[in-house]
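# Structural characterization, general
So you can see what is in the structure, the chains are spelled out below.
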Amino acid sequence: MAKTLITGAMIVPVDEARPAFFHGDLLVEGSFIKKISEYPEKITPEEGVRVIDGSRLILMPGLINTHGHAAMSLFRGYADDLPLQEWLEQKIWPVEERLSGDDVYWGSMLSIVEMIKGGTTTFADMYFFMDRVAEAAAECGIRAVLCRGLIGVGENSAVALAEGEQLYRDWHGRGAGRITVTLGPHAPYTCPPDFLKEVMALAQRLGATLQIHLSETAAEVEANRRQHGCSPVVLLNKLGLFEHKVTAAHCVHLDDEDIAILAQKQVRVAHNPGSNLKLGSGVAPLQKLLEAGVTVGLGTDGAASNNNLDMFEEMRLAALLAKGISGNPALLPAGKALELATAGGAGALFLEKLGRLKEGYRADIAGISRDLPHATPLHDAAAHLVYSAAAADVRLVMVDGELILEDGELLYLDEEKIKAEAARCAARLLGRTEKDS
Ligand code: NI
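In what follows, the accompanying structure is described. (Residues numbered from 1 in each chain as written. Predicted model: local features only at pLDDT ≥ 70, side-chain atom pairs only at ≥ 80, totals over all residues. Heavy atoms only, no water.)

### A closer look at the nonpolar core
- Among the nonpolar cores identified, the biggest contains 120 residues, and Phe75, Ile116, Phe123, Phe242, Leu262 and Phe312 are the most heavily contacted of them.
- When residues in this core are grouped by element, the largest group, 9 residues, is from helix H2 (residues 101–117).
- Beyond its immediate stretch of four places on either side in the chain, Phe123 contacts Asn65, Ala70, Ile112, Met115, Val133, Ala137, Ile142, Arg143, Ala144, Val145 and Leu146.
- Formed by 17 residues, the second largest nonpolar core is a distinct cluster that contains Ile6, Ile11, Leu59 and Met398. (Core = buried A, V, L, I, M, F, W, Y, C linked by side-chain atoms within 4.5 Å. Buried < 20%, exposed > 50% of the residue type's maximum accessible area, 1.4 Å probe, protein only. Helix = DSSP H or I, 4+ residues; strand = E, 2+ residues; numbered from the N terminus. Contact = heavy atoms within 4.5 Å.)

Structure representation (structure tokens):
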């Protein structure tokens, strides 16, 4: 079993049983964190252990991106400054009609490269040609929670559902256990009740969890009230969707009854502050959700509405919005924002033994450089990670005990080729020459 010892690092464990940050050593054995020491206690390397000098690194749990559409990186900067429905209907959906499996593969590879280089070790994804996303994730060594996005209207809904089931059968548990497949009804406004019932029956049969967009815009909630006489959350609850394990993305427009339902039914929430701000959708009531006991993770959403996949930005936005809106700077302190992006994300995606640097947990780790002007001085490592650090500061990434980024360089992926292929796909799709794109 491969063993790696990282010595002398500043460790930010996101573990209540430990200090918020301390100097120490961290030993990985196989896929798991075997031991963590706090100085002056050190771990003596046994024979055959690979030793990495961590003295210039801050080690944190790998970031967990709980909501996104990886291949949409092909549309980065293509349709900005529009409201959600106009953005979707006039810009995104028409170009998505022209997507091929290869486009989705290269767009996903591009996003995965960006995410790994930014310290993200797990990502959730809802899209189509998902077998190609799974292939990309498996090749890259990242952890992934994948679903075929399901639209329940039109002639393709049955085909999509069959593809969702096939994806589960082909990929759930693959990639040495790093790939989880869920079912992905897109949203209440694109999935009528009868279709959701079919999805639930399939989830029951497979034992699969669900991902859905929920109450993202005020207009969507109003339309739901007009059509069904209640909020989307109440509707899904009545239909029995929350009897399943559900990760609900966005949850921006919620009333107190909605929040109580989400808490009671243990629905997990993916909070996407950057995307919600950019599309003018609003700001989710994060503090109320947390106070109600809802498990919340953070997500970037697709790069077409963000426009990057930098989870450090999402952490910072979540913390700053909570403070700015409440007028209370003590809300969502750095340690809590960090927890949302790591352990909270694991909980939001129903992944166990993940999201903390803790003995017995999976060795998904990001190492951030300390050799930077904005990391000097380092009075509080957790505050640094949330308020000062950026994706570009990431030097080391390990997933499931496997090093995939060292000294800021991808160990197994050809970044230049991936960027070139993705640019070629984007140029073809958007009808421009590669030179102009
Ligand atoms: Ni989304």
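### Thoughts on the layout of surface pockets
- Estimated volume of the largest pocket: approximately 920 Å³.
- Surrounding the largest pocket, 34 residues form its lining, Trp93, Glu96, Phe128, Arg148 and Ile151 being those nearest its centre.
- With 6 residues, helix H1 (residues 84–96) is the largest single contributor of residues to the lining of the largest pocket.
- Here the residues of the lining of the largest pocket sort into 18 nonpolar, 9 polar and 7 charged. (1 Å grid on protein atoms, 1.4 Å probe; cavity = no way out; pocket = protein on both sides within 12 Å on 5 of 7 lines; lining within 4 Å. Points joined across faces, edges and corners; volume = space filled by probe spheres on them. Nonpolar A, V, L, I, M, F, W, Y, C, P; charged D, E, K, R; others polar.)

### Here's the deal with a nonpolar patch on the surface
- Taken together, the side chains of Leu277, Val283 and Ile325 make up a nonpolar region of the molecular surface, amounting to roughly 250 Å² of accessible area.
- The residue Val283 is located in the loop between helix H9 (273–278) and helix H10 (286–291) in this model.
- Classification of Val283 as partly exposed rests on a relative accessible area of 31%. (Patch = residues over 30% accessible without salt bridge, like charges linked within 9 Å, V, L, I, M, F, W, Y side chains within 5 Å. Areas by Shrake-Rupley, 256 points an atom, 1.4 Å probe, with all protein chains shown as cover. Salt bridge = Lys/Arg side-chain N within 4 Å of Asp/Glu carboxyl O.)

### Here's the deal with the sheet that holds strand S11 (residues 210–214)
- The 4 strands lie next to each other as S11-S12-S13-S14, forming an open sheet whose pairing is parallel. Because the sheet does not close on itself, it has two edges, and the strands there are S11 and strand S14 (296–298). Averaged over all pairs of adjacent strands, the angle between strand axes in this sheet comes to 30°, irrespective of strand direction.
- Of the pairings in the sheet, the one linking strand S12 (residues 246–250) to strand S13 (residues 268–271) comprises 3 bridges and is parallel in character. What sits directly across from Ala248, in S13, is Val269.
- In the packing of helix H12 (residues 334–348) onto the sheet, contacts are made with S12, S13 and S14, and the angle to S14 comes to roughly 110°. (Pairing = 2+ DSSP bridges. Axes fitted to C-alpha atoms, helices over the stretch in contact; angles between N-to-C directions.)

### Remarks on the pairing of strand S7 (residues 120–127)
- Within S7, 8 of the 8 residues are buried, which leaves the element mostly enclosed by the surrounding structure.
- Pairing analysis gives 3 bridges linking strand S6 (residues 63–65) to S7, with the strands arranged parallel. Counterpart to Asn65 in the pairing with S7 is Phe123.
- Tracing the backbone out of S7, into helix H3 (residues 130–140) and back to the parallel element strand S8 (residues 143–150) gives a crossover that is right-handed. (Right-handed = clockwise from strand over helix to strand, strands pointing away.)

### As for unusual backbone geometry
- Omega for the peptide link from Tyr39 to Pro40 comes to 15°, which places this bond in the cis form.
- Tracing the backbone shows Pro40 in the loop between strand S3 (32–38) and strand S4 (50–53).
- Residue Asn307 is bonded to the preceding Asn306 through a cis peptide linkage, with omega at 10°.
- Looking at the element boundaries, Asn307 is found in the loop between S14 and helix H11 (311–326).
- In this model, Ala176 sits at a positive phi of 55°, which is unusual for a non-glycine residue.
- Structurally, Ala176 is set in the loop between helix H4 (157–171) and strand S9 (179–181).
- Positive phi, normally seen in glycine, also occurs at Phe350, with a value near 60°.

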